[in-house]
Structures are given as structure tokens and as C-alpha cells.
Amino acid sequence: MSTRVWRLLWLDGGAGLSVGVAVLAVRGWLAGLYGWSVAAVTAVGVANVAYATGSLTLALVARRRPPRRRWIDLLIGANLAWTVVCATLIATTAGPARGWGVAHLAAEGVFVAALALVERRYLRPHAAP
């Protein structure tokens, strides 16, 4: 796998990890800013860190050999699933949530949807069968 292609996995995992850690670090403040419960903000942070673990594991594997296609498909599916989660949270919390919370979820949803498309186009063809 070319260096340029596996860097996408590092970007994906690094983004998830940095957002997850940042959200967890200031979850009480974000809960007030977003109009969410601390538990909801914590769940978003934990989900980001958990996702990052998988993506960064694939990045480490890709340094030695191309990851299997099913793992890349799982990564793409996880991004698409998180896009649906973000949209669902926006729809279900639109009333009580403040604009910052909605903006966070919208930005995150668009980002992971774009990652899914880019990974489908550039990672999947290089994956091992």
C-alpha cells in the first residue's frame, strides 16, 4: 500500500482520537454549551475514541501489509453508521439542543461521510482480498 494511501488511515484515526479526547476533557463545559446531558457528551467522546482505536490499528497494520478488504469495509461502514447517528441525534435533540451542539454533530457527520467516500475510493482498491 502506498504511503499516501495509508496516511488516510492516520488522518481518520487521529481525527477521531483528537475529537474524542477533547470532548471527554471538557465534557461538562460542552454539556452546558450544547444543552445536552454530560452522559450524552461522554457517549460521543467515547464513541470517537473507540472508533479511533480501530482506525489507528488499521493504520499500524498498513505499515507492514495491506489490511483485508473486510476491515476496510467495516471502517467505511462505521463512518456511515456514525453519520446516521449524528443525523439522528440532530433530529431528536433539535429542540433542547443549542446551536453549538447541532453544529458539532453536523460537522462531524459531514466529515465522517466524506471520509467514508474517500476511503471507499482510495483505500478499498488497495486492500487485500
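None of these values were measured; they are calculated from a predicted model. (Residues numbered from 1 in each chain as written. Predicted model: local features only at pLDDT ≥ 70, side-chain atom pairs only at ≥ 80, totals over all residues. Heavy atoms only, no water.)

> Sorry if this is basic, but what is going on with the packing of aromatic side chains here?
When we look at a pair of aromatic rings, we describe it by the centre distance and by the angle of the planes. In total, this model carries two aromatic pairs according to the counting rule given. Arranged with centres 5.9 Å apart and planes meeting at 65°, the rings of Trp 6 and Trp 10 form a pair that is edge-to-face. Of this pair, Trp 6 and Trp 10 both sit in helix H1 (residues 3–25), four residues apart, which is roughly one turn of that helix. Taking the centre distance of 4.8 Å and the plane angle of 70° together, the rings of Tyr 34 and Trp 36 count as edge-to-face. (Phe/Tyr/Trp six-rings, centres within 6.5 Å; stacked < 30°, edge-to-face > 60°. Helix = DSSP H or I, 4+ residues; strand = E, 2+ residues; numbered from the N terminus.)

> It is not clear to me how the pattern of salt bridges should be interpreted in this structure. Could you clarify?
Side chains that differ in charge, positive against negative, can pair when their charged atoms come close. As enumerated under the stated definition, the model contains one salt bridge in all. Asp 73 serves as the salt-bridge partner of Arg 124, at 2.5 Å between the closest nitrogen and oxygen. On the criterion of sequence distance, the pair formed by Arg 124 in the segment after helix H5 (99–122) and Asp 73 in helix H4 (residues 69–93) is long-range, its members being 51 residues apart. Residue Asp 73 is classed as partly exposed on the basis of its relative accessible area, which comes to 30%. (Salt bridge = Lys/Arg side-chain N within 4 Å of Asp/Glu carboxyl O. Buried < 20%, exposed > 50% of the residue type's maximum accessible area, 1.4 Å probe, protein only.)

> What should I look at first to understand the side chain of Asn 48 in this one?
In this fold, Asn 48 is placed in helix H3 (residues 38–62). Taking the relative accessible area as the measure of exposure, Asn 48 reaches 9% and is therefore buried. In this structure the side chain of Asn 48 is engaged in a polar contact, spanning 2.8 Å, whose partner is the backbone oxygen of Val 44. Looking at Asn 48, its side chain comes within polar contact range of the side chain of Glu 108, at 3.0 Å. Not counting the four nearest positions on each side in its chain, Asn 48 is found in contact with Gly 16, Leu 17, Val 19, Gly 20, Trp 82 and Glu 108. (Polar contact = N/O pair within 3.5 Å; in protein donor to acceptor, adjacent residues only side chain to side chain. Contact = heavy atoms within 4.5 Å.)

> What's the story with the side chain of Ser 55 in this structure? I'm lost.
One can find Ser 55 in helix H3. In this view, Ser 55 contacts Leu 9, Asp 12, Gly 13 and Leu 75; residues no more than four positions away in its chain are not counted.

> Would you mind going over the packing of H3 against H4 with me for this structure?
Between two packed helices, the angle of one axis relative to the other and the distance separating the axes together describe the packing. Across the interface, H3 lies against H4 with an axial gap of 10 Å and an inter-helix angle of 160°. When the axes of H3 and H4 are compared, the pair comes out roughly antiparallel. Viewed along their axes, H3 and H4 form a crossing whose handedness is left-handed. Counted together, Val 44, Ala 47, Asn 48, Tyr 51, Ser 55 and Leu 58 of H3 and Trp 71, Ile 72, Leu 75, Ala 78, Asn 79 and Trp 82 of H4 form the full contact between these two elements. Partitioning the contact of H3 with H4 into residue classes produces nine nonpolar, three polar and no charged. (Axes fitted to C-alpha atoms, helices over the stretch in contact; angles between N-to-C directions. Parallel < 35°, antiparallel > 145°, perpendicular 65-115°, else oblique. Left-handed = near helix turned anticlockwise from the far one by under 90°. Nonpolar A, V, L, I, M, F, W, Y, C, P; charged D, E, K, R; others polar.)

> I keep staring at a positive patch on the surface and nothing clicks. Help me out?
The grouping of Arg 63, Arg 64, Arg 65, Arg 68 and Arg 70 at the surface amounts to a positive patch. Considering the arrangement of structural elements, one finds Arg 65 in the loop between H3 and H4. You can call Arg 65 partly exposed: its relative accessible area is 46%. (Patch = residues over 30% accessible without salt bridge, like charges linked within 9 Å, V, L, I, M, F, W, Y side chains within 5 Å. Areas by Shrake-Rupley, 256 points an atom, 1.4 Å probe, with all protein chains shown as cover. Lys, Arg positive; Asp, Glu negative; His and termini not counted. Charge placed at Lys NZ, Arg CZ, Asp CG, Glu CD.)

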